[in-house]
Amino acid sequence: MAGSIKSVRGTRDLLPPETETWNFVEATVRDVFRVYHFQEIRTPILEDLQLFQRSVGEETDIVSKEMFAWEDRARAQSEKGQWLALRPENTAGVVRAYIEHKLWERPGLQRFYYIGPQFRRERPQKGRYRQFYQIGAEVVGPSAAGSESPAVDAELLEMLATLLDRLGIQGWSLKLNSVGCANDRPIYLQALRDALKDVVHTMCSDCQRRAVTNPLRVLDCKVPEDQPIIEKLPRMADYLDESCRTHFAEVRKILTAMDVPFTIDHRLVRGLDYYTRTAFEFTHGALGAQNAILGGGRYDGLSESLGGPPAPGIGFAIGEDRLVMTLQESAGVADRPADVYIAPLGAGMNLHAAKLARELRKQGVVVIAGDESFKLKKSLETASKLGVSFALILGENEVNSGQYALKNLSTGEQAGVGKAEIAGIVKPLSAIPKRSEGSL
RNA sequence: GUGGGUAUAGUUCAGUGGCAGAACGCCAGACUGUGGCUCUGGAUGUCGUGGGUUCGACCCCCACUACCCACCCCA
């Protein structure tokens, strides 16, 4: 259609049956998080631009080139407009809410999760969209509540392993590193710069640029020729101070005790400024270049940089689009058909079909009704194309006798049944347990 | 922001400088209340947009746009 309006670049419509998979993922997430006592938080999509400048970091790519931001109209002529941004991630918003509502006054640690859209103005490609969805969780609170404990890190990671297993995702791997803290990282960075000084001219052009802008990212380089050089660069692990080192050791110890498999990746770095200490990434092959399905880490100084009290925390974000993608690699998506198709036959029958449908739906039966103008043949044909297992023929005979012609569309058997029996025959057994909505 | 590829029916894709195609899907029909299989018929397109070459362009040339893939970055 020339001239018609289309979805904007990097955004997309999620249609059935794919939305079934999304619902399955979200239902499983809520179910798993619940037993860890994580509760849902919903923060605005629109935030003050400064929130991200001060948390994610003004020099990061996310803030410096990928944000949707604009100056909002001033409220009064005497005032300036306010700079707003569509959130590029959700941790900053959660911590902002933590500070704004003085949530440290609540007892214990705050454990939140969120599910929602995020926005980054990047060039779209496989597994990367301008509007994408993240499922994330955060544990924040005062140190006295235990927010700095390595047990929190381990619990969060174990929860993620459980979630991926429950979703039926196979072949994931967990990469773990410690990126240090405000204490030891400057020392490491200096050591890294010093080491790079002599060798950087032999590296790829990207690395030469990164050595200046963000030396940590050099560790991330994938150019084969650079690998031997990178292997010889100093490692963060050797520069961790006493407290960071024991913290990291304790995280690993608990994970091992819980049988959560992981590998240490000395070169794992994160692209947001606020990360400290534990940093991690879950990856999955068969995702193309965007193989990270989730990432996260500690952010012990974030609250302070947003004007709040000390509130160490740790969190992660799952790329829901990517998660759904890996799920669809293994299991194909299928429409979930209705339980029964009512075929009203002849003038005046729509009314009877509506009444019957209402009664059946009250009993939890999934009903689709045809129209009295359809020929029976067309109704049955439509019903089988929709994959419905039963068709219920509703004509004058049925209304008069109270015996409804119920046809099993897979066997072809047909019988007259009373109104009260319909739901029992038509409803699949799997529909009976209440909590099993959304199985694949 | 950079590079490569692609753009034709609802979908997946053929196609040729001279009438626009297939498969699947969709709609209708094959004796009036019985589907799936089969058969018959039908509709659907500014051939991405704009320019140029040509007697004539869906096809050749140029520009633009969008999508896909990769770099970058990240989830």
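Residues numbered from 1 in each chain as written. Chains lettered and ligands numbered in written order. Predicted model: local features only at pLDDT ≥ 70, side-chain atom pairs only at ≥ 80, totals over all residues. Heavy atoms only, no water.

Let us now look at the side chain of S303. Looking at where S303 falls in the secondary structure, it is placed in helix 10 (residues 302–305). You can call S303 buried: its relative accessible area is 1%. (Helix = DSSP H or I, 4+ residues; strand = E, 2+ residues; numbered from the N terminus. Buried < 20%, exposed > 50% of the residue type's maximum accessible area, 1.4 Å probe, protein only.)

Turning our eyes to something else, we now look at the sheet that holds strand 7 (residues 172–178). An order of 1-5-6-11-10-9-7-8 is seen for the 8 strands of this open sheet, with the pairing classed as mixed. Each having just a single partner strand, strand 1 (39–40) and strand 8 (263–264) make up the two edges of the open sheet. As judged from the 7 bridges shared by strand 7 and strand 9 (residues 276–284), these two strands associate in the antiparallel manner. Considered in strand 9, the bridge of S178 is made with T278. (Pairing = 2+ DSSP bridges.)

Once that is clear, we can look at the domain arrangement of chain A. Entries for chain A in the domain assignment read domain 1 (18–184 + 240–330) and domain 2 (340–436). Computed over C-alpha atoms, the centres of domain 1 and domain 2 are 48 Å apart. (Domains from an automatic or database assignment.)

A few words now on the pairing of strand 4 (residues 83–86). Of the pairings in the sheet, the one linking strand 2 (residues 46–48) to strand 4 comprises 3 bridges and is antiparallel in character. Bridged to D48 within strand 4 is L84. Pairing of strand 3 (residues 69–71) with strand 4 involves 3 bridges; the strand directions are antiparallel. Within the sheet, the bridge partner assigned to E71 lies in strand 4 and is W83.

The subject of this paragraph is the state of the cysteines. With the rule as written, the count across this model stands at 0 disulfides. The thiol of C204 is not disulfide-bonded; the next cysteine sulfur, from C207, is found 3.6 Å away. By relative accessible area, which is 15% here, C204 ends up buried. C181 provides the cysteine sulfur closest to C244, a residue in no disulfide bond, and the two sulfurs are 3.4 Å apart. (Disulfide = S-S within 2.5 Å.)

In the vicinity of RNA strand B, 50 residues are found, and the nearest of them are R9, R120, R217, G271 and L409. Sugar plus phosphate: this is where 50% of the atoms of RNA strand B within 4 Å of the protein reside. Here a base oxygen of RNA strand B sits 2.6 Å away from a polar atom, N or O, in the side chain of K407. When contributions to the surface near RNA strand B are tallied by element, the ones reaching two or more residues are strand 6 (131–140), helix 7 (205–213), strand 10 (292–298), strand 11 (313–319), helix 13 (376–385) and helix 14 (396–401). Ranked by residues supplied to the surface near RNA strand B, first place goes to helix 13 with 7 residues. Among the residues making up the surface near RNA strand B, the classes are represented as 14 nonpolar, 14 polar and 22 charged. (Near = heavy atom within 4 Å. Polar contact = N/O pair within 3.5 Å; in protein donor to acceptor, adjacent residues only side chain to side chain. Nonpolar A, V, L, I, M, F, W, Y, C, P; charged D, E, K, R; others polar.)

This part is about the sheet that holds strand 16 (residues 414–418). Spatial ordering of the open sheet is given by 13-12-14-15-16, a layout of 5 strands whose pairing is mixed. The two strands at the open ends of the sheet, each matched to only one other strand, are strand 13 (367–369) and strand 16. The sheet shows a mean angle of 30° between the axes of neighbouring strands, taken without regard to direction. Alignment of strand 12 (residues 340–344) against strand 14 (residues 390–394), held across 5 bridges, turns out to be parallel. In the sheet register, V340 faces strand 14, and the bridge partner there is F390. Strand contacts of helix 13: strand 12 and strand 14, with the helix running at about 170° to strand 12, the strand carrying the most contacts. (Axes fitted to C-alpha atoms, helices over the stretch in contact; angles between N-to-C directions. Contact = heavy atoms within 4.5 Å.)

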